Amino acid sequence: MPAVALVAVVAGAALVLALVLLAVVVRLGRAAPPSRPGGEELPVARLDERVAGLGAQVRHLSDLLHRVEQQAARHHGEVVAGIEQVVTSGHQLAETAGALRQALASPKARGQWGERMADDVLRMAGMVEGVTHVKQRALPDGSVPDVTFLLPGGRHLHMDVKFPIDNYLRHLDAVTDAERAATAQAFVR
């Protein structure tokens, strides 16, 4: 049981006990003059002091219980707000994952995304199109790499930015060794 709830239970029990004692004292005051264990009567003024003291304690316990209730309500509100924030974040994450799944499902979209990322990386690396690399230039064999890097000595390095996710996923799902070998070869190709 949380400490706040325990304090509330104790304070509530003490409040009830004080009210019961107050009721008993009031009845005793009406029925017969109060007396001490030896049979000697208590003066009414002393009884009034005790009742006033009990009243003060009841008010103190009531105030304490009120503060505990306010604190519990505040904590409850914070927990509810936190849960609402987690739910909202979960919905946003699901939407983002759905959009990503959709983007990865389309080879054209994957290619566009890959080209954009390649452009950003090349620009951040300080490379200049036409000087350090060219884009979408056809090769003698008819293939068109996304980027061809212009290296010293007339050499070239070709890069295709599309990641063959279909073959990769097939490789991950392969059950037999023959399937794994065939899907790995398709992925590398």
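Our subject is the structure that appears above.
Let me begin by describing the structure that accompanies this report. In this numbering scheme, every chain counts its residues from 1 along its sequence in written order. Residue-level local features of this predicted model are given only where pLDDT is at least 70; pairs of side-chain atoms are given and counted only at 80 or more, and the full residue set underlies all totals for whole chains, interfaces and linings. Excluded from the side-chain calculation are hydrogens and water; included are all heavy atoms of the structure.

**Section: the overall build of the chain**
Right, on to step 1. Helix and strand labels come from DSSP, where a helix needs a run of H or I of at least four residues and a strand needs a run of E of at least two; each type is numbered from the N terminus. Secondary structure summary: the chain contains five helices and three strands in total.
Right, on to step 2. Ordering the α and β elements of the chain from the N terminus gives α-α-α-β-β-β-α-α.
Right, on to step 3. When accessible area is computed with a 1.4 Å probe and restricted to protein chains, residues below 20% of their type maximum are described as buried, those above 50% as exposed, and intermediate ones as partly exposed. With 189 residues in all, the chain has 17% of them scored as buried.
Right, on to step 4. In what follows, a contact means two residues having at least one pair of non-hydrogen atoms within 4.5 Å. Pairs at least 24 apart in sequence give 33% of the contacts found in the chain among residues at least 6 apart.
Right, on to step 5. Summed over its atoms, the accessible surface of the chain is roughly 14,200 Å², and 63% of this surface lies on carbon and sulfur atoms. Here the accessible surface of atoms and residues is derived via Shrake-Rupley with a 1.4 Å probe, and residues count as covered only by protein chains that are part of the display.

**Notes on the pairing of strand β2 (residues 147-150)**
Residues in a regular strand project their side chains so that they alternate between the two faces of the sheet.
Right, on to step 1. Strands are labelled as partners when DSSP assigns at least two bridges between them. Across three bridges, strand β1 (residues 133-135) lies against β2 in antiparallel orientation. Bridging from a neighbouring strand, H133 pairs with F149 of β2.
Right, on to step 2. The turn linking β2 back onto strand β3 (residues 156-159) is made up of five residues, and G153 within it adopts a positive phi angle of 75 degrees.

**Re the side chain of D146**
Right, on to step 1. With respect to the element layout, D146 can be found in the loop between β1 and β2.
Right, on to step 2. We define a polar contact as two N or O atoms separated by no more than 3.5 Å, with the added condition that, inside protein, one atom must be a possible hydrogen donor and the other a possible acceptor, whereas residues neighbouring each other in sequence contribute only through side-chain atom pairs. A distance of 2.9 Å separates the side chain of D146 from the side chain of Q136, its partner in a polar contact.
Right, on to step 3. For D146, the contacting residues outside a window of four places in its chain are E115, V134, K135, Q136, M159, D160, V161 and K162.

**Structural notes on the pattern of salt bridges**
Right, on to step 1. We count a salt bridge whenever a side-chain nitrogen from Lys or Arg sits within 4 Å of a carboxyl oxygen from Asp or Glu. Under the definition given, this model contains five salt bridges.
Right, on to step 2. D119 is paired through a salt bridge with K135; the nearest N and O atoms lie 3.2 Å apart. Within this pair, whereas D119 is found in helix α3 (residues 107-124), its partner K135 is found in strand β1, the two being separated by 16 residues in sequence.
Right, on to step 3. E129 serves as the salt-bridge partner of K135, at 3.9 Å between the closest nitrogen and oxygen.
Right, on to step 4. A network of salt bridges, in which partner residues are shared, links R116, D120 and R123.

**Remarks on the pairing of β3**
Right, on to step 1. Note that β2 and β3 share four bridges and pair antiparallel. Counterpart to T148 in the pairing with β3 is H158.

**Describing the packing of helix α4 (residues 165-173) against helix α5 (residues 177-188)**
Right, on to step 1. With axes taken as lines fitted to C-alpha atoms, and helix axes fitted only over the stretch in contact, angles between N-to-C directions fall between 0 and 180 degrees. Axis separation between α4 and α5 bottoms out at 8 Å; the angle between their running directions is 160 degrees. One finds that α4 runs roughly antiparallel with respect to α5. In this structure, α4 crosses over α5, and the sense of that crossing is left-handed. Of α5, the residues touching α4 (which contributes N167, Y168, R170 and H171) are R180, T183, A184, A186 and F187.
Right, on to step 2. Throughout, the ten residues Ala, Val, Leu, Ile, Met, Phe, Trp, Tyr, Cys and Pro are labelled nonpolar, Asp, Glu, Lys and Arg are labelled charged, and all others, Gly among them, are labelled polar. The class makeup of the residues in the contact of α4 with α5 is four nonpolar, three polar and two charged. Angle categories are assigned with fixed cut-offs, so that under 35 degrees is roughly parallel, over 145 is roughly antiparallel, 65 to 115 is roughly perpendicular, and the rest are oblique. By definition, turning the near helix anticlockwise from the far helix through less than a right angle yields a left-handed crossing, and turning it clockwise yields a right-handed one.

**Remarks on unusual backbone geometry**
Across the chain, the bulk of peptide bonds are trans and the bulk of non-glycine residues have phi less than zero.
Right, on to step 1. With a phi close to 55 degrees, Q136 is a non-glycine residue in the positive phi region.
Right, on to step 2. Checked against the element boundaries, Q136 lands in the loop between β1 and β2.

**Some thoughts on the sheet that holds β2**
Backbone hydrogen bonds are what pair the strands of a sheet, in a parallel or an antiparallel way.
Right, on to step 1. Strand order in the open sheet formed by three strands is β1-β2-β3, and the pairing between neighbours is antiparallel. Pairing within the sheet leaves two strands with one partner each, and these edge strands are β1 and β3. Here the strands of the sheet are splayed against their neighbours by 20 degrees on average, with no regard to which way each runs.

Fair warning: the whole summary comes from geometry, so function is off the table for now.
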